[in-house]
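# Fold and geometry: a report
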Amino acid sequence: MGKPIIHMENIEKHFGNIIALAGVSFDVVPGECHCLLGDNGAGKSTFIKTMSGVHKPTKGSITLDGKPMNFDSPRDAMEAGIATVFQDLAMIPLMSVTRNFFMGREPTKGSGPFKRLDINTANEICVNSMREMGINLRGPDQAVGTLSGGERQTVAIARAVHFGAKVLILDEPTSALGVRQTSNVLATIDRVRKQGVGVVFITHNVRHSLAVGDRFTVLNRGKTLGTAARGEITAEELQDLMAGGQELASLEGSLGGTV
Ligand SMILES: Nc1ncnc2c1ncn2[C@@H]1O[C@H](COP(=O)(O)OP(=O)(O)OP(=O)(O)O)[C@@H](O)[C@H]1O
Ligand SMILES: [Mg+2]
């Protein structure tokens, strides 16, 4: 396995009396998909917000390419190549796919007072990036609002990769999707990983994580019990760790079946 791009060591995050993270260690190497699993309230969002510069850790250290790192803002993390695709995606439905792809970072032509958007180049880059992710747009002018949820998720991923993400964090990218769209997004994760990007895939769906994951870390009440590699852990074990073991077993008992 390669050297980690980012390494989070013993991260704690307290909000007043609430301990959201109680010492979490996690790293990402180039070209892997590292899944972060956990039930509601486990601390997943808090953890990735710490990783992407939204929160400062109360304790613990962040190392980027082997150097100690202090993110003062999400912009710092982005400039360091940590891109986060949040669930609400921050897109403007009535604007074209291309405009959403660039969001003010469009290529320009000419200079000084003659500088203007190079919309043809922008369209070409956008259509090509989407095609590389397996999506053939009807046209770059198509409004983002007319795309499916999975396609929109792909625009956000393609955008992050185009702007040089080294680590791509996806917060529950499949939770609102149907079967076919989910498999499209999982295929996109696979493509991105093969380009050498390290993917952090947050989910509470064990099956989705097993479909693409190389490593698995389970968060439970702000703590982890370590990280397992593909083949070292079964779906049942992951599910049990997420639920904290006990609860699911007793639920199964009372329902007389498998949950
Ligand atoms: N800004 C905050 N102030 C106080 N408590 C917070 C804050 N953010 C998160 N918490 C608490 O930290 C804990 C972990 O929350 P977090 O949102 O990280 O969980 P999660 O794993 O993302 O859950 P979900 O699957 O529901 O999104 C929760 O108990 C939550 O109430
Ligand atoms: Mg969350």
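Just above, that's the structure.
We now turn to the structure provided with this report. (Residues numbered from 1 in each chain as written. Chains lettered and ligands numbered in written order. Predicted model: local features only at pLDDT ≥ 70, side-chain atom pairs only at ≥ 80, totals over all residues. Heavy atoms only, no water.)

Topologically, K59 is positioned in strand β4 (residues 59-64). Excluding residues that lie within four positions of it along the chain, K59 makes contacts with N10, I11 and E12. (Helix = DSSP H or I, 4+ residues; strand = E, 2+ residues; numbered from the N terminus. Contact = heavy atoms within 4.5 Å.)

What follows covers the packing of aromatic side chains. Evaluated as defined, the whole model comprises 4 aromatic pairs. Ring geometry for F101 versus F163: centroids 6.5 Å apart, planes at 40°, classification tilted. Within this pair, whereas F101 is found in helix α3 (residues 97-102), its partner F163 is found in the loop between α5 (149-162) and β9 (167-171), the two being separated by 62 residues in sequence. Accessibility expressed as a relative area gives 0% for F101, which makes it buried. Three or more aromatic residues joined by ring pairs make a cluster, and in this case those are F101, F102 and F163. (Phe/Tyr/Trp six-rings, centres within 6.5 Å; stacked < 30°, edge-to-face > 60°. Buried < 20%, exposed > 50% of the residue type's maximum accessible area, 1.4 Å probe, protein only.)

For the rest of this paragraph, the subject is the nonpolar core. Among the nonpolar cores identified, the biggest contains 43 residues, and L37, L137, L168, I189 and V192 are the most heavily contacted of them. Here the element with the most residues in this core is α5; it accounts for 6 residues. Ignoring sequence-local partners within four residues, the contact set of I189 consists of C33, L170, V199, F201 and V212. In terms of nonpolar packing, the next biggest core, distinct from the first, is built from 24 residues, I5, V24, F71 and A80 among them. (Core = buried A, V, L, I, M, F, W, Y, C linked by side-chain atoms within 4.5 Å.)

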